[in-house]
Structures are given as structure tokens and as C-alpha cells.
Amino acid sequence: MLDSSSKVCQRFDQGLTKVFPDSLSGAPTPLLQHLPHREANPHSLFTIKHAARLVGVSEATLRAWERRYGIGSPVRTEAGYRLYDDAAVQALETMKHLVDEGWPVKTAAEETLRRLSRDVTAQTSVPDGGSTAYSPADLDALVPLAKAYDVPALDELLDERFSSASFESVVDDWLLPALGRLGAAWEAGEVSVAGEHLVSHGVTRRLSRAYEAAGDSPVGPQVVIGLPPGSRHDLGLLCFATAARRVGLAPRYLGTDVPTEDWIGAVSPAAVRAVVLSAPLREDLSALEAVVDAVRLTRPDVLVAVGGAQQDDAPAYCLRLGHRIGDAAHELAVRLA
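Residues numbered from 1 in each chain as written. Predicted model: local features only at pLDDT ≥ 70, side-chain atom pairs only at ≥ 80, totals over all residues. Heavy atoms only, no water.

With that settled, the discussion passes to the overall build of the protein. Within the protein, the regular secondary structure consists of 13 helices and eight strands. Here the protein holds 337 residues, and 53% of them are scored as buried. Carbon and sulfur atoms form 52% of the exposed surface of the protein, whose accessible area is close to 14,200 Å². (Helix = DSSP H or I, 4+ residues; strand = E, 2+ residues; numbered from the N terminus. Buried < 20%, exposed > 50% of the residue type's maximum accessible area, 1.4 Å probe, protein only. Areas by Shrake-Rupley, 256 points an atom, 1.4 Å probe, with all protein chains shown as cover.)

What follows is the structure in C-alpha cells.
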């Protein structure tokens, strides 16, 4: 699982190495289920109280979005009461999804109206679950941005990509391969260290927002996720932690270079059900094995899963998660259900 980039994040293959403004709500989903999808009914009409409850915002917010941006415009009764049809509620849901995923409100409104004009709101309300084909030019798109130190263009590119398909699909099929291309360009001397870091940090900021937007499940199985001592390629790992939240797990994300003794403390709470590590490089294997051994001594009941390019050489009793983020998160959720 789990392919990230050379130098930037060592491909998810190397780093657990699978809102943003993608097509999904940032809210945590029930375990092993996607967000519920209401079938459109042109005859449904909802009061503002009911519509606000469906969308998950206050009545004041609905009024503000209508007044300022023309989102979710209701029909009016003769007495002046607002009634929202299903199309208006879906537009409001799209707006809320984008705001939850970190879009500025004005930009989210513009994007919602753009989607409505293309009649794709329904398509972007649920995950597509499939893969998307990207051209070589698409996969090389981060390289010129790194060369030009172009942060606004990077933000615009991430907005466009993650509004076009599900988080998992975009991460697996575009982001991690594109970071791999960027790492290769750095190794070839085509991109400076500064340019690579600029893009890497921009992606990290966006992933962090997606992780927060996905929300922590109060009832999902707790999973401790991190890298062994000395391992620092974490973008793929953060992608996985976000995908884990999106299938209803409750990740405890530790990040990079976690000392073995700290792993022992992190897995001690009884609520922890699983540990996920990554082996990006062969030199990470000895540290990973030490962590795994310590975890097993501390919590022999905890499931230990491993991703990354070297996962096949991890201890035999570890669950191998494979090389795609979405599949890996789903597999872990199945094991813990």
C-alpha cells in the first residue's frame, strides 16, 4: 500500500508510505460505509429547520449563504416562509462539504455554482470508488511549480484535482505518483531543494486540513499510526491516516521518527486496536522490527499492520496492507469491524 515519493514522500509504495476540496464530505463516515446519499426527489420540500438539519449547519448560515452567494435559494410560501427542494439541499450540502474541507467561503460558493452549472452536483456528493487516468503531463504538473516557486498555482492545482474525484482516487492515482515525479526531478538536479520543499509543505498543509476535516470518530476503533525511529517520509502516511478517518476508524497519528519507547506508551491505552507502521526504505526495517517487537510485548492483542515498499520484509506476523491507500484503509477497517 501506501506509495509516496522519492525524497518528497518516497511513493506510498515506500512510505505507508491512500477536504481537500474533493467530492466528499469531510465528516467521518460509518465504518466500511460511504457517506449516505439521498436520492433526489423533485417533489420534496423542506422547512429551513429541516434543511439546516440535513445539511448540518445553522439556519442563520443557510440564510447567509442564500443572501450573499445565491446558494440553495428556497421557494417562498404566500406567508413568506422558506421551503427548500431537494436540489437546493444538495447545493447546500456541496457548499458545506467544500467549507469543511478548507475552502474559503466565497471560493466554495463560486465552486458550488460552477458545479451546479455543469450539473455534476450529484456526482460529487459520493465517492467514485474507482481509479482515474492521468496523462504524463498531469503527473509532471508539480515540477514546473517547484521550479517557479509558484504557491498560488500549486493551491489552484490542488483545488482542481481534489474537486474532480474522491480523496482516495486522487491521492492514489495522481498526488503520490506526481510527488514521485517531483522527487525524481530533484534527484536529476532539475528542481532545487527549496522548490521541492515548497511543494512538499504546500501538500502537507492541504493534507493536514483534509485530516482535520475528516473528523475523529468517537466510536471507531483506535489505530496508532506513525513511522519508526529515523524514518521521516510521512506524506503517504498522512494520506493513509486521512483515509482511515474517512472509513470510520479513529487514528492516533504520531508522525515521523517516533522513538521505540514512545510507541510503547502510545499503544498502552486499552482502546487501541491496531498499529500501522511503514517501511519506506530497507534501512528502516531494523527500526521497524524493534518497534513491532516492543508493541507485541506491550500489547500482544493489538493488530500490527505494515505498508511501504519494504513491507514484504517486515516480520511475518504483520498484516501487509498493499500499495493503494483506499484499499488499505478499507482492509484495516474490515479487520477491525
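Attention now goes to the pattern of salt bridges. Within this structure, the stated rule accounts for 17 salt bridges. The partner of Glu160 in a salt bridge is Arg161, with the nearest N and O atoms 2.4 Å apart. Where salt bridges share partners, they join Asp138, Glu160 and Arg161 into one cluster. (Salt bridge = Lys/Arg side-chain N within 4 Å of Asp/Glu carboxyl O.)

Here we take up the sheet that holds strand 7 (residues 303-307). Spatial strand order, 5-4-6-7-8: five strands in an open sheet with parallel pairing. Each edge of the open sheet is held by one strand with a lone partner, namely strand 5 (250-255) and strand 8 (319-320). Sheet topology places strand 7 next to strand 8; two bridges connect them, and they run parallel. Looking across to strand 8, one finds that Ala305 is bridged to Leu319. On top of the sheet, helix 10 (residues 235-246) reaches strand 4 (222-226), strand 5 and strand 6 (272-278); it is set at about 165° to strand 5, its chief contact. (Pairing = 2+ DSSP bridges. Contact = heavy atoms within 4.5 Å. Axes fitted to C-alpha atoms, helices over the stretch in contact; angles between N-to-C directions.)

Before going further, it helps to examine helix 3 (residues 86-100). If you check helix 3, its first and last C-alpha atoms are 21 Å apart, about what 15 residues at 1.5 Å a residue would give, namely 21 Å. Residues Asp86, Ala88, Val89, Gln90, Ala91, Leu92, Glu93, Thr94, Met95, Lys96, His97 and Leu98 constitute the buried set of helix 3. With a side-chain oxygen lying 3.3 Å from the backbone nitrogen of Ala87, the N-terminal cap of helix 3 falls on Asp85. Positioned one or two residues after helix 3, Gly102 has a phi angle of 110°, which is positive. (Expected span 1.5 Å × (residues − 1). Polar contact = N/O pair within 3.5 Å; in protein donor to acceptor, adjacent residues only side chain to side chain.)

Spatially, the three strands line up as an open sheet ordered 1-3-2, and their pairing is antiparallel. The open sheet is flanked by strand 1 (45-47) and strand 2 (75-76), the only strands paired with a single partner. Relative to strand 3 (residues 82-85), strand 2 runs antiparallel, the two being bridged by two bridges. Paired with Arg76 across the strands is Arg82, a residue of strand 3. Packing of helix 1 (residues 48-55) onto the sheet brings it into contact with strand 1 and strand 3, and relative to strand 1 it is tilted by some 95°.

With that settled, consider the environment of Thr256. By secondary structure assignment, the location of Thr256 is in the loop between strand 5 and helix 11 (260-267). Thr256 gets classed as partly exposed once you look at its relative accessible area, which sits at 29%. In the structure, Thr256 is positioned 29 residues away from Leu227 in sequence and 4.9 Å away in space, judged by C-alpha atoms. Sequence-distant contacts of Thr256, defined by excluding residues within four places in its chain, comprise Leu227, Ser231, Arg232 and Asp234.

With 52 residues, the main nonpolar core has Trp174, Leu175 and Phe240 as its most contacted residues. Broken down by secondary-structure element, the contributors of at least two residues to this core are helix 6 (142-148), helix 7 (151-162), helix 8 (167-187), helix 9 (193-214), strand 4, helix 10, strand 6 and helix 13 (325-336). No other element matches the 10 residues that helix 8 contributes to this core. (Core = buried A, V, L, I, M, F, W, Y, C linked by side-chain atoms within 4.5 Å.)

Moving on, we come to the packing of aromatic side chains. Under the defined criterion, the tally for this structure stands at two aromatic pairs. Their ring planes at 40° and their centres at 6.1 Å tell us that Phe162 and Phe167 sit as a pair that is tilted. Classification of Phe162 as buried rests on a relative accessible area of 0%. Seen in terms of ring centroids, Tyr211 and Tyr253 are 6.1 Å apart; in terms of plane orientation they differ by 50°. Their pairing is tilted. (Phe/Tyr/Trp six-rings, centres within 6.5 Å; stacked < 30°, edge-to-face > 60°.)

With that out of the way, let us pick up unusual backbone geometry. Positive phi, close to 55°, is recorded for Tyr149, a residue that is not glycine. Structurally, the position occupied by Tyr149 is in the loop between helix 6 and helix 7.

For the pair helix 8 and helix 10, the least separation of the axes is 11 Å and the interaxial angle reads 180°. Judged by the angle between their axes, helix 8 and helix 10 are roughly antiparallel. Two secondary-structure elements touch here, helix 8 through Phe167, Glu168, Val171, Leu175, Leu176 and Leu179 and helix 10 through Leu235, Gly236, Cys239, Thr242, Ala243 and Arg246. (Parallel < 35°, antiparallel > 145°, perpendicular 65-115°, else oblique.)

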